Amino acid sequence: MAYKNIIFKVDGDVAVIKFNRPKALNAINPDVIAETNSALDKIMDDSSIRVLILTGEGEKAFIAGADISHMVNLSAIQAREFSRNGQDVLFRLENLPIPVIACVNGFALGGGSEFAMACDFIYASENAKFGQPEINLGVIPGFGGTQRLSRLVGEAMAKELCMTGVIIDAREAKEIGLVNKVFPHDDLWEATMKTAKIMASKGRVSLKAIKDCVERGLDVDLLDGCYMESDNFGLCMSSPDGKEGMTAFLEKRNPDFKGELG
Ligand code: DAK
């Protein structure tokens with residue numbers, strides 16, 4: 001597929017999806033979703049890719065939301081389809097077997113904040129702004145915002161943000177736990193890539209195991225979550241990277257993780 005609405009690049013072991021509709025502040029339409037799905041297919045087929053970064057083209061926006069000019073004329077059936085397709089791509093991101101970082105370089109509103117929340121964590125520039133302004137349009141978040149936001153920042157804060165549609169800056173987003181770290185705008189990309197490279201150097205099986213345990217663990221009680229951790233611990237112990245990590249420690253050298261599954 002030729003990409004017009006995203007830029008897809010692979011830099012060694014790190015893949016980058018850059019939303020590329022800067023004139024519309026990277027608003028999401030069905031083409032953005034289709035192209036993102038295609039890029040995710042490629043990532044799934046390439047085991048040399050260890051980390052994915054999502055970011056936005058231009059100085060102003062990560063994604064300023066779903067494309068309002070597309071949404072305005074949708075019938076109920078089409079709106080449900082648009083919402084489902086958006087939700088599906090976000091579930092794919094969440095279930096991707098590699099870490100995904102949202103590198104939020106500007107507005108992350110509505111569907112934009114929802115895309116960022118489906119990533120494993122968010123790094124933001126000092127210019128970044130977050131919010132769920134759908135209430136101002138007479139609708140509600142449609143790409144999982146009411147669900148993921150409350151899991152990240154708690155029920156009361158999620159209700160306040162969704163019910164007021166207020167836009168918050170990066171510092172406040174960090175204070176409430178939506179964002180992991182905030183950087184000066186010009187340092188954001190380098191800082192994100194540095195963290196991506198650190199994770200890319202780790203074992204593939206253990207990265208996936210951590211992602212699974214943390215995400216699925218939130219949906220079960222502590223005992224079941226800990227059992228899930230034991231199963232994954234066993235899996236990592238028996239993986240080539242698990243053997244390599246411990247052998248390297250005992251041999252007093254750096255591990256050379258190959259990412260093989262067994
Ligand atoms: N959609 C379409 N175009 C957008 C856009 C958006 N979300 N956001 C910005 N643009 C366009 C503007 O129309 C403008 O286009 P031109 O007039 O130049 O052609 C261009 O981007 C630059 O925007 P501004 O001139 O407005 O720039 P400012 O710096 O003055 O303001 C802003 C930036 C981000 C504060 C402002 O653009 C803004 O308020 N944008 C809308 C933000 C917003 O409301 N986002 C939430 C969208 S709703 C569902 C599925 C999904 C969803 C809901 C339901 N189902 C199917 C059930 C998700 C909903 C949303 O995400």
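See the structure printed just above.
Residues numbered from 1 in each chain as written. Predicted model: local features only at pLDDT ≥ 70, side-chain atom pairs only at ≥ 80, totals over all residues. Heavy atoms only, no water.

### Thoughts on the packing of aromatic side chains
Phase 1: By the definition in use, this model includes 6 aromatic pairs.
Phase 2: Between the aromatic rings of Phe19 and Phe62, the centroid separation amounts to 5.9 Å while the plane-to-plane angle is 85 degrees, which identifies the pairing as edge-to-face. Pair noted here: Phe19 is in strand S2 (residues 14-19) and Phe62 is in strand S4 (residues 61-63), with a separation of 43 residues, a long-range link.
Phase 3: Among the residues examined, Phe19 registers a relative accessible area of 1% and is labelled buried.
Phase 4: Judged by centre distance (5.4 Å) and plane angle (45 degrees), the ring pair of Phe121 and Tyr123 falls under tilted. The same class applies to Phe121 and to Tyr123, which are both buried.
Phase 5: Grouped by ring-pair contacts, the aromatic residues Phe19, Phe62 and Phe115 constitute a single cluster.
Phase 6: One residue, Arg148, lies across the ring of Phe91, its end atom 5.2 Å from the ring centre. (Phe/Tyr/Trp six-rings, centres within 6.5 Å; stacked < 30°, edge-to-face > 60°. Helix = DSSP H or I, 4+ residues; strand = E, 2+ residues; numbered from the N terminus. Buried < 20%, exposed > 50% of the residue type's maximum accessible area, 1.4 Å probe, protein only. Lys NZ or Arg CZ within 6 Å of the ring centre and 35° of its normal.)

### Some thoughts on the site of the ligand
Phase 1: Around the ligand lies a shell of 23 residues, among which Lys60, Ala64, Ala66, Ala79 and Gly111 are the nearest.
Phase 2: Ala64 is positioned with one of its backbone polar atoms (N or O) 2.9 Å from a nitrogen atom of the ligand.
Phase 3: Within the backbone of Ile68, an N or O atom sits 2.9 Å from a nitrogen atom of the ligand.
Phase 4: Expressed as a share of its isolated accessible area of 1100 Å², the protein-covered part of the ligand is 62%.
Phase 5: At the level of secondary structure, the elements contributing two or more residues to the shell around the ligand comprise helix H2 (68-71), helix H3 (76-95) and strand S6 (107-109).
Phase 6: Class assignment for the residues of the shell around the ligand results in 14 nonpolar, 5 polar and 4 charged. (Near = heavy atom within 4 Å. Polar contact = N/O pair within 3.5 Å; in protein donor to acceptor, adjacent residues only side chain to side chain. Areas by Shrake-Rupley, 256 points an atom, 1.4 Å probe, with all protein chains shown as cover. Nonpolar A, V, L, I, M, F, W, Y, C, P; charged D, E, K, R; others polar.)

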